[in-house]
Amino acid sequence: MPNPFNTAQFLKSAARLDQAPPDTGREAAFAGRSNAGKSSALNAISGHKGLARTSKTPGRTQLINFFAVTPEARLVDLPGYGYAKVPAEVKAQWERHLNAYLAQRESLAGLILLMDVRHPLTDFDRQMLAWCRQADLAVHVLLTKADKLKRGAAQNTLLSVKRDLGLLHPTATVQLFSALDGSGLDEARTLLGTWLALE
């Protein structure tokens, strides 16, 4: 099937919400720990290897990066957390901007929360789910690097996370995903297409 995201191109970076593009149309944001494979997922979904920068040093994304899919639809790469070697006050500032973005951005249709299938539901993931639940924001979890586990183990993790999501964010959905072998790619694109009204 044709990929509706292959038109995606870099739009702008913002350190603060007031530097973001106009709050019109629809956008879907990607968040996750610095080593969850966020850039790889964005690149796989768009079909552009270099759309989002991948780095050997996790935590390089310190700005909110906006990518235009159409004039009215955007993908948004949020700062990665966890391994970023930055001072505590910078992390606190990121958290304030991130919380403001999730709570105040009118065009935000939903959040893609990426978790390494081998280490799901970290403290950061739970914090993000709590913020999104409070903001009444749709969340879809990508359990990334699914190729690193055997099928049975990956399915067990999927069921376990699904159970926990019932308590943390009852309307959140979850799937297995691998940017490396492409598993789960069509499912993720379909959901994003619905959020961004691309269908």
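As shown above, the structure is provided for reference.
Our subject in this report is the structure included herewith. Not measured: the values here are computed from a predicted model. (Residues numbered from 1 in each chain as written. Predicted model: local features only at pLDDT ≥ 70, side-chain atom pairs only at ≥ 80, totals over all residues. Heavy atoms only, no water.)

## Quick word on the packing of aromatic side chains
Here the structure, examined in full by the defined rule, presents one aromatic pair. Where F10 meets F67, the ring centres are 5.9 Å apart and the plane angle is 70 degrees; that geometry is what we call edge-to-face. You can see F10 sitting in strand β1 (residues 9-14) and its partner F67 sitting in strand β3 (residues 64-70), a full 57 residues away along the chain. By relative accessible area, which is 49% here, F10 ends up partly exposed. (Phe/Tyr/Trp six-rings, centres within 6.5 Å; stacked < 30°, edge-to-face > 60°. Helix = DSSP H or I, 4+ residues; strand = E, 2+ residues; numbered from the N terminus. Buried < 20%, exposed > 50% of the residue type's maximum accessible area, 1.4 Å probe, protein only.)

## A look at helix α3 (residues 123-134)
Relative to the 16 Å expected for twelve residues at 1.5 Å per residue, α3 spans 17 Å between its end C-alpha atoms, a close match to the ideal helical length. Looking only at α3, the buried set comprises F124, D125, M128, L129, W131 and C132. Looking straight down α3, one finds that the buried residues subtend no more than 160 degrees of arc, so they occupy a single side. Summarising the geometry of α3, the exposed residues directed more than 90 degrees from the buried face are D123 and Q134. Looking at the buried side of α3, the elements it contacts are β2 (26-32), α2 (88-104), β5 (108-116), β6 (139-144) and α4 (151-168). Immediately downstream of α3, the backbone of D136 shows phi near 55 degrees, a positive value. (Expected span 1.5 Å × (residues − 1). Arc of directions from axis to C-beta. Contact = heavy atoms within 4.5 Å.)

## Considerations on the nonpolar core
Nonpolar side chains tend toward joint burial in soluble globular proteins. Of all hydrophobic cores here, the largest spans 37 residues; its most connected members are L78, L102, L111, L113, M128 and L143. In terms of nonpolar packing, the next biggest core, distinct from the first, is built from 25 residues, A8, A28, I45 and A109 among them. (Core = buried A, V, L, I, M, F, W, Y, C linked by side-chain atoms within 4.5 Å.)

## As for the pattern of salt bridges
According to the stated counting rule, one finds seven salt bridges in the structure shown. Residue D23 pairs with R105 through a salt bridge whose shortest N-O separation is 3.7 Å. Note that D23 is positioned in the loop between β1 and β2 and R105 in the loop between α2 and β5, a separation of 82 residues in sequence. With a shortest N-O distance of 3.9 Å, D116 and K145 are connected by a salt bridge. (Salt bridge = Lys/Arg side-chain N within 4 Å of Asp/Glu carboxyl O.)

## Focus on the side chain of H169
Note on placement: H169 falls in the loop between α4 and β7 (173-176). Its relative accessible area of 4% is what places H169 among the buried residues.

## Quick notes on the packing of α2 against α3
As a packed pair, α2 and α3 sit with axes 9 Å apart at the nearest point and diverge in direction by 35 degrees. When you trace α2 past α3, the crossing you get is right-handed. Of the residues in α3, those in contact with E95, L98, N99 and L102 of α2 are Q127, M128, W131 and C132. Split by residue class, the contact of α2 with α3 holds five nonpolar, two polar and one charged. (Axes fitted to C-alpha atoms, helices over the stretch in contact; angles between N-to-C directions. Left-handed = near helix turned anticlockwise from the far one by under 90°. Nonpolar A, V, L, I, M, F, W, Y, C, P; charged D, E, K, R; others polar.)

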